[in-house]
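What follows is the residue order along each chain.
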Amino acid sequence: LTLAETQHLGSFREGRAEGQGICFSSCGKVCFGKWKCNARVGDFILLDAQGRLWREEYDSQGKRYSKKMAPVESDPGEASQCSHCNWKYHPRFNHCYACRLDADGCTSPHC
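Residues numbered from 1 in each chain as written. Predicted model: local features only at pLDDT ≥ 70, side-chain atom pairs only at ≥ 80, totals over all residues. Heavy atoms only, no water.

**Student:** Is there a simple way to explain the sheet that holds strand β4 (residues 39-47) in this structure?
**Tutor:** Strands pair in a sheet through their backbones, by hydrogen bonds, and they do so in one of two ways: parallel or antiparallel. As summarised here, the arrangement of the six strands in space is β1-β2-β3-β4-β5-β6, forming an open sheet in which the pairing is antiparallel. Of all the strands in the sheet, just β1 (6-13) and β6 (64-69) have a single pairing partner and so form its edges. Each adjacent strand pair in this sheet contributes to an overall mean axis angle of 10°, direction not counted. Judged from the seven bridges that link them, β1 and strand β2 (residues 16-25) form a sheet pairing that is antiparallel. For T6, the partnering residue across the bridge sits in β2 and is S25. (Pairing = 2+ DSSP bridges. Helix = DSSP H or I, 4+ residues; strand = E, 2+ residues; numbered from the N terminus. Axes fitted to C-alpha atoms, helices over the stretch in contact; angles between N-to-C directions.)

And the structure:
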């Protein structure tokens, strides 16, 4: 599902994110975790646009109660900017539908 500023890859129930998924933001953040009724729940790993890794924890209502920098084994680097749609993305998380202007799949410059 792609919205104005985010793209969610995962399962949905009644139009809401449900279960494990990955969320990409236009500013270059990538987060991995579990959603329930569109809210983040439990442990999340967040890679920010500067390449820093964070561990976030959310309660059952989706309220974040902890955010700590996580150790990184290798430097993921900063997010790059797509010359086609101007979204930022981490090349290691690129996929065929990453470009906001590319409705047909793998034709964007960074795909």
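Right, picking up where we left off after that structure.
**Student:** What is the right way to read unusual backbone geometry from this model?
**Tutor:** Negative phi is the rule for most residues except glycine; trans is the rule for most peptide bonds. Positive phi is not limited to glycine here, since C37 has a value of about 55°. Tracing the chain through its elements places C37 in the loop between β3 (30-36) and β4. Judged by relative accessible area, C37 falls into the partly exposed class, the value being 47%. The phi dihedral of N38 falls on the positive side, at around 75°, and the residue is not glycine. Structurally, N38 can be placed in the loop between β3 and β4. (Buried < 20%, exposed > 50% of the residue type's maximum accessible area, 1.4 Å probe, protein only.)

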